[in-house]
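Commentary on secondary and tertiary structure
The primary structure of each chain is shown beneath.
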Amino acid sequence: MGIDVSAVKRLFSEQLGGGPDWVVRAPGRVNLIGEHTDYNEGFVLPMAVERAVWIGLRRRADRWVRVYVSAESRWREFHLDALRREGNAPIEYVKGTAWSLGEEGFFLRGWEGVLLGDVPIGAGLSSSAAMEVAVARAFAAASDLPWDPVKMALAAQRAENRWVGVQCGIMDQLISACGKEGHALLIDCRGLECRPVPLPQGVKVVILDTGTRRGLADSAYNERRKACESTAARFGLKALRDLSLDDLTARAGELDAVTFRRVRHVVSENARTLLAAQAMEKGDTETLGRLMVESHASLRDDYEVSSEALNAMVEIALAGPGCYGARMTGAGFGGCAVALVEAGAAADFAEKVSAEYRRRTGNQPAVYITGATAGADVVADCVSGA
Ligand code: GLA
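Residues numbered from 1 in each chain as written. Predicted model: local features only at pLDDT ≥ 70, side-chain atom pairs only at ≥ 80, totals over all residues. Heavy atoms only, no water.

Turning our eyes to something else, we now look at the site of the ligand. Residues in close proximity to the ligand include Arg29, Glu35, His36, Asp38, Tyr39, Cys168, Gly169, Met171, Asp172, Tyr221, Gly330 and Ala331, which together make up its full environment. Between the ligand and aspartate 38, the relevant distance is 2.5 Å, taken from an oxygen atom to a side-chain nitrogen or oxygen of the residue. Glycine 169 places a polar main-chain atom, nitrogen or oxygen, 2.8 Å from an oxygen atom of the ligand. For the ligand, whose accessible area on its own is 300 Å², the fraction buried by protein is 96%. Across the shell around the ligand, the residue classes break down as five nonpolar, three polar and four charged. (Near = heavy atom within 4 Å. Polar contact = N/O pair within 3.5 Å; in protein donor to acceptor, adjacent residues only side chain to side chain. Areas by Shrake-Rupley, 256 points an atom, 1.4 Å probe, with all protein chains shown as cover. Nonpolar A, V, L, I, M, F, W, Y, C, P; charged D, E, K, R; others polar.)

Quick look at the structure:
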């Protein structure tokens with residue numbers, strides 16, 4: 001199971017003949033806590049997961065980019081001097097990232113290759129960020145660009161914001177570029193500092209896909225973001241990151257009831273995320289689990305981005321064997337929950353929770369037990385022989 005270098009090389013040789021110059025990989029992510037805080041310049045605590053987007057590529061002498069997209073079983077191509085947005089196919093992520101790197105001032109060279117991945121699409125595991133960061137890694141290899149992960153994450157985010165048209169924050173691209181094996185990263189989304197926090201011993205991170213989907217672009221995401229930004233402006237703050245719970249309580253009268261709840265989520269979630277990182281550093285899994293449960297309640301009741309399926313999954317998970325905590329993860333409205341489970345109970349947990357969720361909702365779930373992996377890298381360098 002899973003994609004590896006030899007699978008990428010095999011596909012490359014089938015489609016192009018010969019071998020690639022480089023094989024690159026960028027992972028999806030799961031966020032342990034700190035949801036809808038990144039665009040408020042707050043704190044997040046995601047980790048890179050084992051599922052990833054892979055590209056095997058060979059440099060070209062011209063400025064054509066030709067890609068065999070495995071998910072579509074077809075070739076796509078474009079010229080770097082004629083970048084135009086056309087539709088929603090995966091190649092738009094390649095073009096968008098090329099455009100964004102160009103905006104950064106980089107001169108890009110063409111390449112040809114294969115693109116494949118096993119991050120489920122639209123599940124809240126950042127398949128699009130993984131794609132953008134993998135593409136940035138591929139261009140960096142083909143064009144001899146210096147690989148600065150934070151700078152590249154920002155370029156990938158600009159592709160998502162301005163080419164794909166989704167107003168996401170920086171979390172997904174940053175963790176895909178900067179992830180650290182065995183660790184989550186506490187990211188300060190104001191200064192973009194990343195602090196590695198080790199995963200607690202003896203527990204597994206279990207991703208529970210509800211099998212339900214809701215696109216980010218047509219969701220209430222942009223609306224929530226706008227409400228946060230206008231409240232910050234109204235309070236004379238740069239971002240909601242600068243608001244304390246006491247200040248919010250004092251000024252509650254200035255906000256309508258819905259906006260008050262939205263803002264309360266952001267402020268309380270920032271505090272929970274910092275506490276969660278501390279708990280992890282102390283190996284206090286109980287506290288981490290409890291904070292995850294509180295985060296879910298806040299997303300469900302105050303931010304209102306959960307769904308019936310997600311609530312059912314979280315409830316069932318919390319009653320499952322060895323579970324310390326569970327919550328929805330990612331933008332919400334569908335997709336995945338994440339649970340923290342005693343390592344020895346994880347297989348039993350996965351089986352029992354899936355069966356009960358299927359029985360209760362009629363939806364088909366998927367379960368991934370995952371470790372934390374490194375961020376984007378060149379997995380095979382056949383040019384320099386590494
Ligand atoms: C999506 C966005 C992120 C973040 C989360 C919610 O994954 O891409 O930037 O805002 O939603 O925490």
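Time to look at the sheet that holds strand β9 (residues 203-209). In spatial order, the strands read β10-β11-β9-β12; together these four strands make up an open sheet with antiparallel pairing. The sheet is open, and its two edges are formed by β10 (323-328) and β12 (366-370), each paired on a single side. With direction set aside, neighbouring strand axes in the sheet form an average angle of 20 degrees. On top of the sheet, helix α10 (residues 308-318) reaches β9, β10 and β11 (336-342); it is set at about 175 degrees to β10, its chief contact. (Pairing = 2+ DSSP bridges. Helix = DSSP H or I, 4+ residues; strand = E, 2+ residues; numbered from the N terminus. Axes fitted to C-alpha atoms, helices over the stretch in contact; angles between N-to-C directions. Contact = heavy atoms within 4.5 Å.)

Now for the environment of glutamate 103. When you line up the elements, glutamate 103 lands in helix α2 (residues 91-103). With a relative accessible area of 47%, glutamate 103 lands in the partly exposed category. Along the primary structure glutamate 103 and threonine 373 are separated by 270 residues, whereas in three dimensions their C-alpha atoms are 30 Å apart. Once you skip the residues sitting within four places of it in the chain, glutamate 103 turns out to touch Arg158 and Arg162. (Buried < 20%, exposed > 50% of the residue type's maximum accessible area, 1.4 Å probe, protein only.)

So, on to the environment of serine 307. Inspection of the secondary structure assignment puts serine 307 in the loop between α9 (285-301) and α10. Linking serine 307 and glycine 332, residues 25 residues apart in sequence, is a C-alpha distance of 7.5 Å. Setting aside chain neighbours within four positions, we find serine 307 in contact with Phe333 and Gly334. Of the polar contacts made by the side chain of serine 307, one reaches the backbone nitrogen of leucine 310; its length is 3.2 Å.

With that settled, the discussion passes to the pattern of salt bridges. Under the definition given, this model contains 35 salt bridges. Here arginine 241 makes a salt bridge to aspartate 188, at a shortest N to O gap of 2.9 Å. Of this pair, arginine 241 sits in the loop between α6 (221-234) and α7 (245-250) while aspartate 188 sits in strand β7 (residues 183-188), and the two are 53 residues apart along the sequence. Of the charged contacts in the structure, one is a salt bridge between glutamate 281 and arginine 195, with a shortest N-O distance of 3.1 Å. Here the residue glutamate 281 occupies a position in helix α8 (residues 257-281), and arginine 195 occupies one in strand β8 (residues 193-198), the gap between them amounting to 86 residues. (Salt bridge = Lys/Arg side-chain N within 4 Å of Asp/Glu carboxyl O.)

Packing of helix α3 (residues 127-143) against helix α4 (residues 149-164) brings their axes to within 9 Å, and their N-to-C directions diverge by 120 degrees. Taken as axis vectors, α3 and α4 run oblique relative to one another. Where α3 crosses over α4, the handedness of that crossing is right-handed. Only Met152, Ala156, Glu160 and Val164 of α4 make contact with α3, whose side of the interface consists of Ser128, Glu132, Val133, Ala136 and Ala140. Here the contact of α3 with α4 is composed, by residue class, of six nonpolar, one polar and two charged. (Parallel < 35°, antiparallel > 145°, perpendicular 65-115°, else oblique. Left-handed = near helix turned anticlockwise from the far one by under 90°.)

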